[in-house]
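# Structural description and commentary
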Amino acid sequence: MICLGIETSCDETSLALVEDGRLLAQTLATQADLHAIFAGVVPELASREHYRHIGPLFDQLLASAALPAKNIDCIAVGRGPGLLGSLLVGAAFAKALALALGIPVIGVNHLHAHLLGAGLSQSLVYPALGLVVSGGHTHLYRIDGPDRFIQLGRSLDDAAGEVFDKVGNEMGLSYPAGKSVDEKGATGNADAFLLPRPYLQNNNLDFSFSGLKTAALCAIDQAKNNNVWDSQSEKDLCASLNAAIAETLRAKTARALSMQEGIKAIWLAGGVAANSCLRMVIQELAMEKNIKFIAPESRYCTDNGGMIAYAGWLLRSLGYRHGLNFEIIPRGRRVPDDMTTDN
Ligand code: KG4
Ligand code: ZN
């Protein structure tokens, strides 16, 4: 079975083809340079760019896989959470194509797809704890199957990626800054700046990163005002931030493990899952607990069509589909569980 995946939730337009769980081809147009001018994604510009790119990317995808459109068996599209106008472009394209080809369409939860996408390079083990850390979301799940996600916790304010991007921006790093903060931190001292491990003094599995963002921004301002801000302190601040975010995420993941029965793996996903410090810390936790660590390759952590196509292929293999009337879901609304089956 060949599934076309379409991703347009934020600032990457990406399409991919997955055949029987294997990636056949992927195309991607990033808008990072455009949004870097504004140090963050401008929603209206993002929608226009998706609209400009999606048709040519589809043609390129078919050409690179040497596959006619009629060979596609089903279409999966990221339905949210994400930017409303951006999601509309992908969903409208997916629905029109499904109608034209007479094949089923599935609206895939973008966050679930980040996690399931790891299946492109390794086998997925259930039951699992899934931690998605991206520019817009920090979510913790229990996962019992491709269609069985239970949300255990989420960020109450900023996502971890937002902290990397805004703190990086203050240091003059271009958007999205997470990768640069990660790299600069590799040669810094993580104990140089005392940053908080926020929102741990409670019994829940939610996160709150806005205070950490403010603390890091204040630390930079203070160092600048005291004329002690130099290239070494930049590296030290990056190392301290990497550690603060990784250790906070580890603490809540460890708490979730102690609260959930029978967990056999931790799955880490989302753009921030490419962070070397976070990967190491969560991998260590999995080793300590003697369970598997599962994460996409770093280059497949950020938004991509492959993860949508793979999640769609998994769900379609279980017989799921949507009607053409499925809604797209902006950030802040829970994605409904409204797929139907063929029978
Ligand atoms: O999942 P994603 O591509 O888009 C959303 O759905 O938000 O995640 C993008 C986020 C950005 O905030 C970016 O700075 C961050 O992932 N990111 C990283 C790294 N690579 C990307 N953050 C920390 N370390 C990295 N190596
Ligand atoms: Zn994402």
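Scroll up to find the structure this text is about.
Residues numbered from 1 in each chain as written. Chains lettered and ligands numbered in written order. Predicted model: local features only at pLDDT ≥ 70, side-chain atom pairs only at ≥ 80, totals over all residues. Heavy atoms only, no water.

## Details of the site of ligand 1
- Close to ligand 1 lie 20 residues; Gly135, Asp165, Gly178, Asp182 and Asp303 are nearest.
- Take His110: an N or O atom from its side chain is 3.4 Å from an oxygen atom of ligand 1.
- Separating an oxygen atom of ligand 1 from a backbone N or O atom of Gly271 is a distance of 3.0 Å.
- Of all the elements in the fold, those that place two or more residues in the shell around ligand 1 are helix 4 (110-116), helix 5 (160-170) and helix 6 (178-185).
- Residue composition of the shell around ligand 1, by class: 5 nonpolar, 11 polar and 4 charged. (Near = heavy atom within 4 Å. Polar contact = N/O pair within 3.5 Å; in protein donor to acceptor, adjacent residues only side chain to side chain. Helix = DSSP H or I, 4+ residues; strand = E, 2+ residues; numbered from the N terminus. Nonpolar A, V, L, I, M, F, W, Y, C, P; charged D, E, K, R; others polar.)

## Brief notes about the sheet that holds strand 10 (residues 292-294)
- Spatial ordering of the open sheet is given by 8-7-6-9-10, a layout of 5 strands whose pairing is mixed. Of all the strands in the sheet, just strand 8 (148-154) and strand 10 have a single pairing partner and so form its edges. The mean angle between the axes of side-by-side strands here comes to 20°, regardless of whether they run parallel or antiparallel.
- Pairing between strand 7 (residues 138-145) and strand 8: 6 bridges, direction antiparallel. Note that in strand 8 the partner of Arg142 across the bridge is Ile150.
- With respect to the sheet, helix 8 (residues 231-259) is in contact with strand 6 (128-133), strand 7, strand 8 and strand 9 (265-269), its orientation differing from that of strand 6 by roughly 155°. (Pairing = 2+ DSSP bridges. Axes fitted to C-alpha atoms, helices over the stretch in contact; angles between N-to-C directions. Contact = heavy atoms within 4.5 Å.)

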